[in-house]
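Observations on the model geometry
What follows is each chain in one-letter form.
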Amino acid sequence: MFNSSSLSKTDSHLPSETLDPLGELRQQEVVNYLKQVIEPTLKNDIISLGMVRNLRIVDDYIYLRLYIGSHQQDLQAKIESILSPINWCKKTYISICTIANVRTTLAISSGKGGVGKSTTAVNLAAALKLQGAKVGLLDADVYGPNIPQMLGLGQADIETVDTAKGQKFLPLEAQGIKVMSVGLLAEPERPLAWRGPVLHKIITQFIQDVEWGELDYLLIDLPPGTGDAQITIVQESPICGVIIVTTPQQISISDVRRNIYMFRQVGVPVLGIIENMSYLICDSQPLQLFGSGGGKQLAEELQAPLLAQIPIDPRICAGGDTGKPLTLADPNSAVSQIFMQIATGLNATFSPV
């Protein structure tokens, strides 16, 4: 299991860019100052936590984007204060990226489809809910938005509400979990044939224009892979960590490796790896249908914690088909207890002391 210290082990550095020698010196000076700003709950600096992205030095000005949860607004003033001694800087411009009333935003990702990413997202949301958290689940998988079915939601119209910041979408609610899905915009059985600009606009709206209310956790179920949709979501949302889902087989591991490198390149910490479909219990013995050791190998290679190895259980599939996630239907099952342990680890990391 992990705690806040596991975040410091992730390679969440700022992406490099080509700068002249003076620019490089100035950027490193700014980074060194920013490393003095400590996030009090996670007890780590905002650079290591991936909260500062798109840092640029233009002439004598500093530009950066600060990705924060609803409880971290005071970090802007701390940054402005810590950077004030820099004598060459005329002004610091900080662009705040946050989701109103959402404390912690986490992404669930995979290198390829079919590894159980959405199933993991649903059951992890259920585990967090059972532990008393207020949870939202954003189904941003534009290629296979299955979250509504997995939570027993039929086709429903998305309602809007007027707020001080304009009209917002109202999420649906299923089994105590707030849900929004791109699948709710599509006709049943029809493909989501959205291209670049339209896709970007829809994803941005779903991140910025949903009235979630007070949430402890917002889980974002990402599309598989490392394409435009994934990059848009990461750039437009204050994701403070990602959980990678894989299976033990080597072909899945290769895809996950690229996935992890993408997140590290953009500065998002990888919280850990969940190895799904690890084994099947047969005659009281584990039967490894898809090979073994892949998740552990990847965790060691990339220095990302292996959070869990989830066995094959037919009830997981049945729960997804019937809209009754196993973690809610049978919280005492072996699989449910694994998800509860992951949720406990998340609470230990992100809940206030």
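If you're wondering where the values come from, they're calculated on a predicted model, not measured in any experiment.

Considerations on the confidence of the model for the chain
Taken as a whole, the chain shows an average pLDDT of 84; of its residues, 85% reach a score of 70 or greater. Long-range and interchain partners of residues 8–13, a stretch whose pLDDT sits below 50, account for 15 contacts in this model, where long-range means more than four residues apart.

Some points on the sheet that holds strand E6 (residues 102–110)
Taken in spatial order, the 8 strands of this open sheet run E10-E11-E7-E12-E6-E13-E14-E17, and their pairing is mixed. On the outer flanks of this sheet lie strand E10 (172–174) and strand E17 (306–309), each paired with one strand and no other. On average, adjacent strands in this sheet sit at an angle of 25° to one another, irrespective of strand direction. Direction of pairing for strand E13 (residues 239–246) relative to strand E14 (residues 270–275): parallel, over a ladder of 5 bridges.

What to know about the nonpolar core
Ranked by size, the top nonpolar core spans 103 residues in total, and within it Ile62 and Leu124 carry the most contacts. Here this core takes 8 residues from helix H12 (residues 334–350), the largest share from any one element. Among residues more than four places away in sequence, those in contact with Leu124 are Ile108, Leu219, Ile243, Phe339, Ile342, Ala343 and Leu346.

Re the environment of Gln297
By the element assignment, Gln297 lies in helix H9 (residues 294–302). For Gln297, a relative accessible area of 32% translates into the label partly exposed. It is 9.4 Å that separates the C-alpha atoms of Gln297 and Pro248, two residues lying 49 residues apart in sequence. Gln297 has contacts with Gln250 and Arg257, leaving out every residue within four places of it along the chain.

About the criteria used
- Residues numbered from 1 in each chain as written.
- Predicted model: local features only at pLDDT ≥ 70, side-chain atom pairs only at ≥ 80, totals over all residues.
- Heavy atoms only, no water.
- pLDDT = per-residue confidence, 0-100.
- Contact = heavy atoms within 4.5 Å.
- Pairing = 2+ DSSP bridges.
- Helix = DSSP H or I, 4+ residues; strand = E, 2+ residues; numbered from the N terminus.
- Axes fitted to C-alpha atoms, helices over the stretch in contact; angles between N-to-C directions.
- Core = buried A, V, L, I, M, F, W, Y, C linked by side-chain atoms within 4.5 Å.
- Buried < 20%, exposed > 50% of the residue type's maximum accessible area, 1.4 Å probe, protein only.

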